[in-house]
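Structure at a glance
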Amino acid sequence: MAIEAKADLLNEQQRDVAGVIRALKERFADRCATSHALREQHGHTTTWLTNQPPDAVVFAETTDEVAEIVRLCAAENIPVIAFGTGTSLEGHVNAPRGGISIDLSRMNRVLEVNSDDLDCRVEAGVTRKQLNSYIRDTGLFFPIDPGADASLGGMAATRASGTNAVRYGTMKDAVLGLTVVTADGSIIKTGGRARKSSAGYDLTRLFVGSEGTLGIITELTIRLHGQPEAISGGVCPFPDVEAACQAVIMTIQMGLPVARIELLDSLQVKACNAYSKLDLAETPTLFLEFHGSEAGVQEQSEMFSAIADELGGGPFKWATVAEDRTRLWSARHDAYWAGKGLRPEAQIVATDVCVPISRLAECVIQTAQDIEAEGLLAPIVGHVGDGNFHVQILVDLDDPEEMRKSEAFVERLAIRALDMGGTCTGEHGVGQGKQKYMRREHGDALEMMQAIKQALDPHNLMNPGKILPQS
């Protein structure tokens, strides 16, 4: 009888979904799609997690449309999953319970730019490159740079950071206010344009990093920065990973205002040389960039050169010509594809952790030793100025032994970082992939997160199965 009841419930759920899809097609016409290829794309994940596509995809064009879709789904207890550009790495946009994927890519309007106040208001589908192109002539720029041309709504939802975070912070520092569609289809606004406020709970930062599990971000007010007078940067080789990491630690502890400081291990440098046609020495290397006045960036570069020399690194090769810097940073941003070239038939599984800066060298060295001991092909690259680094494991997903080794390695890496006072993910987010470490990282605070989820989304319809174990 229980089996029959379960089957009846499943059939009822299927009828509900079918009815909602019919209503969505009637309302949105060809902006509601159910093709298998498109649904799979919107359940896309670049990890080893199984693709779990939604039942339909709707392309929303306004906040009111998002609210309308959510209300329709909420009436039938059907999950909704927000989709930006699909660049997340931990299964964030999978649909384990089916449901409707709301694609926000057409919500790509810059609504206002307030140059005097260094802020702007944008729709969630605006990408970081699009915004910087739009505001280029104002003398301002948006510095958060996760590498991929991600949507700003998605970047806020995952609390993204990137290469500039060591100087300019992460999305939690950049977002001043939000427009959010909640689980019942209501529209709320959080924060504002003031640079500080003591009025009430900080709901903006509650939604930043919530990965769409509490509401769908549709508009953002974000902080901008003035374009620096001068930029200086370049590359600096080191004899080993430890020396490179110690140089990072000394740079940060001395208070050098470095804008970007990125580590590439020797394997990643080899990959970048081949993919981006560089001729760097295939040894652990730091990519750096300084922002400020002409005199300031020169002084900072010279101080870093002295640090590198003390640790047996160098020479620090400056790249003062904009085209040369662009070429170097393009190579850094193409590290994922460069890594894939090391073993084209394999899948890259990217993972990240973040540790206190004083533990960076220890964590990276132990991780490198772990990779070697397991016989994995896994270059290391990272935003090491804030203790965050990534490992890209090249693995044959059809080889059970490789999978076992790789999954065990990822778990050891996460636990190693946690034991050092760090986090299981510095910027990739939790999604499905890092859920099992949440209890170890947050302890009893996890109950408070679950209480917040229950209060704001009592029927578990907003991106279910993410962040919180067994959600």
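Residues numbered from 1 in each chain as written. Predicted model: local features only at pLDDT ≥ 70, side-chain atom pairs only at ≥ 80, totals over all residues. Heavy atoms only, no water.

**A short note on the pattern of salt bridges**
All told, the structure shown has 27 salt bridges when counted by the stated rule. A salt bridge links Asp370 to Arg416; the nearest nitrogen and oxygen atoms lie 3.0 Å apart. In this pair, Asp370 is assigned in helix 14 (residues 360-374) and Arg416 in helix 15 (residues 400-419), connecting sequence segments 46 residues apart. Per residue, the accessibility class of Asp370 equals that of Arg416, and both read buried. Notably, a salt bridge pairs Arg440 with Asp419, separated by 3.1 Å at the nearest N-O pair. With Arg440 in helix 16 (residues 438-442) and Asp419 in helix 15, this pair connects stretches of sequence that are 21 residues apart. When its relative accessible area of 49% is taken as the criterion, Arg440 is described as partly exposed. A network of salt bridges, in which partner residues are shared, links Arg27, Arg31, Glu61, Glu65, Glu68 and Arg106. (Salt bridge = Lys/Arg side-chain N within 4 Å of Asp/Glu carboxyl O. Helix = DSSP H or I, 4+ residues; strand = E, 2+ residues; numbered from the N terminus. Buried < 20%, exposed > 50% of the residue type's maximum accessible area, 1.4 Å probe, protein only.)

**Details of the pairing of strand 6 (residues 119-123)**
Strand 6 sits mainly inside the fold: four of its five residues count as buried. Bridging between strand 5 (residues 110-114) and strand 6 involves four bridges; their strand directions are antiparallel. Note on strand 6: the bridge partner recorded for Val110 is Val122. Where strand 5 hands over to strand 6, the hairpin turn is made up of four residues, of which Leu118 adopts a positive phi near 55°. As paired elements, strand 6 and strand 10 (residues 215-223) share five bridges and run antiparallel to each other. Looking at the pairing, Asp119 lines up with Arg223 of strand 10. (Pairing = 2+ DSSP bridges.)

**Some thoughts on the environment of His459**
Examined against the element boundaries, His459 turns out to sit in the segment after helix 17 (445-456). Since its relative accessible area comes to 52%, His459 is described here as exposed. Sequence spacing of His459 and Ala274 is 185 residues, and the spatial spacing of their C-alpha atoms is 50 Å. Excluding anything up to four places from it in sequence, His459 contacts Asn77 and Arg97. (Contact = heavy atoms within 4.5 Å.)

**Things to note about the side chain of Asn114**
Mapped onto the fold, Asn114 is located in strand 5. Here Glu112 takes part through its side chain, which lies 3.2 Å from a polar atom of the side chain of Asn114. When neighbours within four sequence positions are excluded, Asn114 is seen to be in contact with Asp119 and Arg193. (Polar contact = N/O pair within 3.5 Å; in protein donor to acceptor, adjacent residues only side chain to side chain.)

**Considerations on unusual backbone geometry**
Note the cis peptide between Gly314 and Pro315, where omega equals 5°. When you line up the elements, Pro315 lands in the loop between helix 11 (294-310) and strand 15 (317-318). Even without glycine at this site, Asn463 takes up a positive phi of about 45°. Mapping Asn463 onto the fold places it in the segment after helix 17. Given a relative accessible area of 4%, Asn463 falls into the buried group.

**A look at the state of the cysteines**
Disulfides are covalent bonds that connect the sulfur atoms of two cysteines. Here the structure, examined in full by the defined rule, presents zero disulfides. With no disulfide of its own, Cys32 lies 9.5 Å from the sulfur of Cys73, the closest cysteine sulfur. On the basis of relative accessibility, which here comes to 3%, the residue Cys32 falls in the buried class. We classify Cys73 as buried; its relative accessible area is 1%. (Disulfide = S-S within 2.5 Å.)

**Remarks on the nonpolar core**
Core analysis: the largest hydrophobic core is formed by 52 residues, its most contacted members being Leu131, Phe142, Met171 and Leu220. Those residues within four positions of Leu131 in sequence are excluded, and the remaining contacts are Val110, Cys120, Val122, Val126, Phe142, Leu152, Ile222 and Leu224. Of all hydrophobic cores here, the second largest spans 48 residues; its members include Ala230, Cys236, Val384 and Met403. (Core = buried A, V, L, I, M, F, W, Y, C linked by side-chain atoms within 4.5 Å.)

**What about the sheet that holds strand 6?**
Paired through backbone hydrogen bonds, the strands of a sheet run either parallel or antiparallel to each other. If you trace the five strands from one edge of the open sheet to the other, you get 5-6-10-8-9, paired in antiparallel fashion. Either end of the sheet is taken by a strand with one partner, and the two such strands are strand 5 and strand 9 (187-191). Within this sheet the neighbouring strands show an average axis-to-axis angle of 15°, counted without direction. With five bridges connecting them, strand 8 (residues 175-182) and strand 9 associate as antiparallel partners. (Axes fitted to C-alpha atoms, helices over the stretch in contact; angles between N-to-C directions.)

**Describing the sheet that holds strand 16 (residues 347-354)**
Sheet architecture is open: seven strands sit in the order 15-12-14-13-17-18-16, paired in antiparallel fashion. Either end of the sheet is taken by a strand with one partner, and the two such strands are strand 15 and strand 16. Pairing of strand 13 (residues 258-264) with strand 14 (residues 285-292), which is carried by six bridges, proceeds in the antiparallel orientation. Bridge pairing in strand 14 places Glu262 opposite Phe287. Packed on one face of the sheet, helix 12 (residues 322-333) meets strand 12 (230-237), strand 13, strand 14 and strand 17 (380-382) and runs near 130° to strand 14. Of the strands in this sheet, strand 16 and strand 18 (388-395) are in contact with helix 15, which crosses strand 18 at around 170°.

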